Amino acid sequence: MNGIICGTGSYIPSYTMDNNDIAGLVDTNDMWIRERTGVVKRHIIKDETTASMAAEAGKRALENAGMKAEELELILVATISSNVILPCTACEVQKSLGAVHATCFDLGGAACTGFVLAYNTASAYLEAGVYKTALVIGSESLSALTNWKDRRTCILFGDGAGAAVMKAGEGKGWLPVTHSDGGKGEALTCRSRYCSNGLTSKLRPEDMTDEANFIQMDGQAVFKFAVKRVPEVIQEVLEANALKGEDIFLYILHQANKRIVEAVAKRLSEPIEKFPMNLEEYGNTSSASIPILLDELNRGGRLKTGQKLVLAGFGAGLTWGAVVVEWSCPVKQPYGS
Ligand code: ACO
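Because the structure is a prediction, the values reported are computed rather than measured.

Thresholds applied
- Residues numbered from 1 in each chain as written.
- Predicted model: local features only at pLDDT ≥ 70, side-chain atom pairs only at ≥ 80, totals over all residues.
- Heavy atoms only, no water.
- Helix = DSSP H or I, 4+ residues; strand = E, 2+ residues; numbered from the N terminus.
- Buried < 20%, exposed > 50% of the residue type's maximum accessible area, 1.4 Å probe, protein only.
- Contact = heavy atoms within 4.5 Å.
- Areas by Shrake-Rupley, 256 points an atom, 1.4 Å probe, with all protein chains shown as cover.
- Lys, Arg positive; Asp, Glu negative; His and termini not counted.
- Charge placed at Lys NZ, Arg CZ, Asp CG, Glu CD.
- Near = heavy atom within 4 Å.
- Polar contact = N/O pair within 3.5 Å; in protein donor to acceptor, adjacent residues only side chain to side chain.
- Domains from an automatic or database assignment.
- Axes fitted to C-alpha atoms, helices over the stretch in contact; angles between N-to-C directions.
- Parallel < 35°, antiparallel > 145°, perpendicular 65-115°, else oblique.
- Left-handed = near helix turned anticlockwise from the far one by under 90°.
- Nonpolar A, V, L, I, M, F, W, Y, C, P; charged D, E, K, R; others polar.
- Phe/Tyr/Trp six-rings, centres within 6.5 Å; stacked < 30°, edge-to-face > 60°.
- Core = buried A, V, L, I, M, F, W, Y, C linked by side-chain atoms within 4.5 Å.
- Expected span 1.5 Å × (residues − 1).
- Salt bridge = Lys/Arg side-chain N within 4 Å of Asp/Glu carboxyl O.
- Pairing = 2+ DSSP bridges.

A. Structural view of the overall build of the chain. A tally of regular secondary structure across the chain gives nine helices and 13 strands. Seen along its three principal axes, the alpha-carbon backbone of the chain occupies a region of about 55 × 45 × 40 Å. The burial tally for the chain puts 54% of its 337 residues in the buried class. The contacts of the chain with a sequence gap of at least 6 include a subset with a gap of at least 24, amounting to 77%. If you sum the accessible surface of the chain, you get close to 14,700 Å²; carbon and sulfur atoms cover 51% of it. Between the mean site of the 34 positive side-chain charges and the mean site of the 39 negative ones, the chain shows a separation of 2 Å.

Rendered as C-alpha cells:
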C-alpha cells in the first residue's frame, strides 16, 4: 500500500505588491531584490485568512480529484501563521468543506519544510491502512509575521495556499528522508507567541521588542544551510529509493530564493530546467510554496502518470527533507476551464 496524489488545488490572494511597492516602505530597490532573490512581486491577503485560503485550496483539490469532502478521512494543514491558536486551521477547513468524517490537525512550526512533513505524515497513515483518503494543505499569511520595516526580510515573503488530495494506492511506497538541527534554530525565529504566563515566568527583554514579534532571520546562515543541506538530502532520498538523477522528471523545491534553487541544481549536476520556479510571482510562501507549484504544474499539463518527482523543503528549526512522488493524478483541469 502507498499514498498517492489524486488531485491538487491552490488559492492565491488577488492583491499584489511588487518590488517598487516594497521600495516605498524600506530602503531597497527592484534590481537588488530581483538579483538577490528572483522575487518580482508577492500576493498579500486582504479579506482572506490562513484558514479561508486553506479551505479554498482544499476545495479546488477535491474538485480536481473528483472526490467529495465527506470521503475525506484525514485533513492536515501545515502552517506557521494560523489566524488563531484554537481551533486548529485543519478543523476550520473541515467546517468550511463539510468534511464531517475527517480527523483534523495542524503541523505547526516546521515552516518551509511543513508541506513535506505533512505529506510524509499522511503517506504513513495511508500506507499503514489507518486512513484511505487525506487532504494535505500548506497555507500561510506570512505578511502577518513580516516586519515591514526590515528590508532584510520583508522583500522575501508572500501569502497563499496549496493542497493535495491523497488516497491509498496499491503501489510501492517511497522512503522519505528528513532531518532537523535545533542547535541552529536561532538562524530563523519568530517569537510573537513566546509563552510566558507573567506569574512565574518573565518575558525576556528581547521578546518584548517589536522586532521579536516578527520573523527574524540570519539570511546568510539560512542561505548557506540551504545550499549545503538540500542537495545532500536529495542525494539521500535518491539513494534510499535506489534512484538516480536521470529517473527524476522534476525537482520541486521550496521557493525561497532563485539563487538557492540554482545552487542546488549546480551541486546536483542537474539542468536548471528540471527545477521549476514560480517565486518571481509569489515570493516565499513557506509551507504553501511546494503545493502551489505542484498545482501549477498539474493544471498546466506538465505532469504525466508514472513520472517521478522529488519534493524538497527546508526552513526554520532548522528542518529539511525530501520525498519522492510518483505522479498518478490523471485529471488535468486548468483554472477557468
Ligand atoms: N535592499 C537593499 N540592500 C539590502 C537589502 C535590501 N532589501 N537587504 C540587505 N541589504 C544590504 C545589506 O545591508 C548589505 O549591505 P552592506 O554590505 O553595506 O552591509 C548588503 O545588502 C548585502 O546583504 P546580505 O545580507 O549579505 O545579502 P545576501 O546576498 O545574503 O542576500 C538574502 C540576502 C536575500 C536574505 C539572502 O541571504 C537569502 O535569500 N537568504 C536565505 C533566506 C531564506 O531563504 N529564508 C527563508 C527560509 S525558509 C523559512 O523557513 C521562512
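B. Inspection of the site of the ligand at higher detail. Neighbouring the ligand are 26 residues; Thr28, Arg36, Cys112, Gln220 and Asn257 lie closest to it. At 2.9 Å from a nitrogen atom of the ligand is found a main-chain nitrogen or oxygen belonging to Arg151. Gln220 has a polar side-chain atom sitting 2.4 Å from an oxygen atom of the ligand. Protein contacts shield 76% of the accessible area of the ligand, which totals 1,000 Å² for the unbound molecule. Elements with a minimum of two residues in the shell around the ligand: helix 2 (30-37), helix 6 (219-240), helix 7 (258-267) and strand 12 (308-315). For the shell around the ligand, the leading source of residues is helix 6, giving four residues. Per-domain counts for the shell around the ligand show at least three residues from each of domain 1 (2-169) and domain 2 (177-191 + 208-326).

C. Layout of the packing of helix 6 against helix 7. Across the interface, helix 6 lies against helix 7 with an axial gap of 9 Å and an inter-helix angle of 40°. In terms of orientation, helix 6 lies oblique with respect to helix 7. Considering how the two elements wind past one another, helix 6 and helix 7 form a crossing that is right-handed. Taking contact as the criterion, the partners of Phe223, Ala226, Val227, Lys228, Val230, Pro231 and Ile234 in helix 6 are, on helix 7, Arg259, Ile260, Ala263, Val264 and Arg267. In the contact of helix 6 with helix 7, the residues fall into nine nonpolar, no polar and three charged.

D. How the structure looks around the packing of aromatic side chains. If you walk through the whole model with that rule in mind, you get three aromatic pairs. Judged by centre distance (4.7 Å) and plane angle (10°), the rings of Tyr251 and Phe275 are stacked. Here Tyr251 is found in strand 11 (residues 248-253), whereas its partner Phe275 is found in the loop between helix 7 and helix 8 (279-282), with 24 residues between them in sequence. With relative accessibility at 1%, the residue Tyr251 sits in the buried group.

E. Representation of the nonpolar core. With 48 residues, the main nonpolar core has Ile234, Leu253 and Val310 as its most contacted residues. At the level of elements, helix 6, strand 11, helix 7, strand 12 and strand 13 (319-326) are the ones that each hand at least two residues to this core. At nine residues, the largest contribution of residues to this core is made by helix 6. Apart from the residues lying within four places of it in its own chain, the contact partners of Val310 are Ile234, Val237, Leu238, Ile248, Leu250, Tyr251, Ile252, Ala322, Val323 and Val324. With 29 residues, the next largest nonpolar core counts Ala78, Leu126, Ala164 and Leu309 among its residues.

F. Just helix 6, in detail. Compared with an ideal rise of 1.5 Å per residue, which puts 22 residues at 32 Å, helix 6 spans 31 Å between its outermost C-alpha atoms and is within 8% of the ideal. Buried within helix 6 are the following residues: Val222, Phe225, Ala226, Val227, Val230, Pro231, Val233, Ile234, Val237 and Leu238. Ala242 lies just past helix 6 and shows a positive phi near 55°.

G. Seen up close, the domain arrangement of the chain. Once the domains are mapped, the chain shows domain 1 (2-169) and domain 2 (177-191 + 208-326). Centre-to-centre separation of domain 1 and domain 2, based on C-alpha positions: 15 Å. At the junction of the two partners, domain 1 supplies 49 residues and domain 2 supplies 40 residues. Joining domain 1 to domain 2, the criterion identifies one salt bridge. A salt bridge links Lys41 to Glu281; its shortest N-O distance comes to 3.4 Å. Counting across the interface, domain 1 meets domain 2 through 23 residue pairs in polar contact (both at pLDDT 80 or more). Counting residues per element, the ones that place at least two in the side of domain 1 that touches domain 2 are strand 1 (2-11), helix 2, strand 3 (41-43), helix 3 (50-65), strand 4 (74-79), helix 5 (114-128), strand 6 (133-141) and strand 7 (159-169). In terms of residues, the side of domain 1 that touches domain 2 owes the most to one element, helix 5, which gives six residues. Taken together, the residues of the side of domain 1 that touches domain 2 sort by class into 21 nonpolar, 20 polar and eight charged.

H. Geometry of the sheet that holds strand 13. Spatially, 8-13-12-11 is the arrangement adopted by the four strands of the open sheet, whose pairing is mixed. Both outer strands of the open sheet, strand 8 (177-180) and strand 11, are each paired with one neighbouring strand and no more. In this sheet, adjacent strand axes meet at a mean angle of 15° when their direction is disregarded. With eight bridges joining them, strand 12 and strand 13 adopt antiparallel strand pairing.

I. Region of the structure containing the pattern of salt bridges. Following the criterion strictly, the structure yields 13 salt bridges and no others. Here Asp30 makes a salt bridge to Arg34, at a shortest N to O gap of 2.9 Å. Residue Asp30 and its partner Arg34 are located together in helix 2, separated by four residues, close to a single helical turn. Two residues, Lys132 and Glu73, come together in a salt bridge whose shortest N-O distance is 3.3 Å. Taken as a pair, Lys132 in the loop between helix 5 and strand 6 and Glu73 in the loop between helix 3 and strand 4 lie far apart in primary sequence, 59 residues in all. Among the ionic contacts, a cluster of salt bridges with common partners joins Lys228, Arg229 and Glu232.

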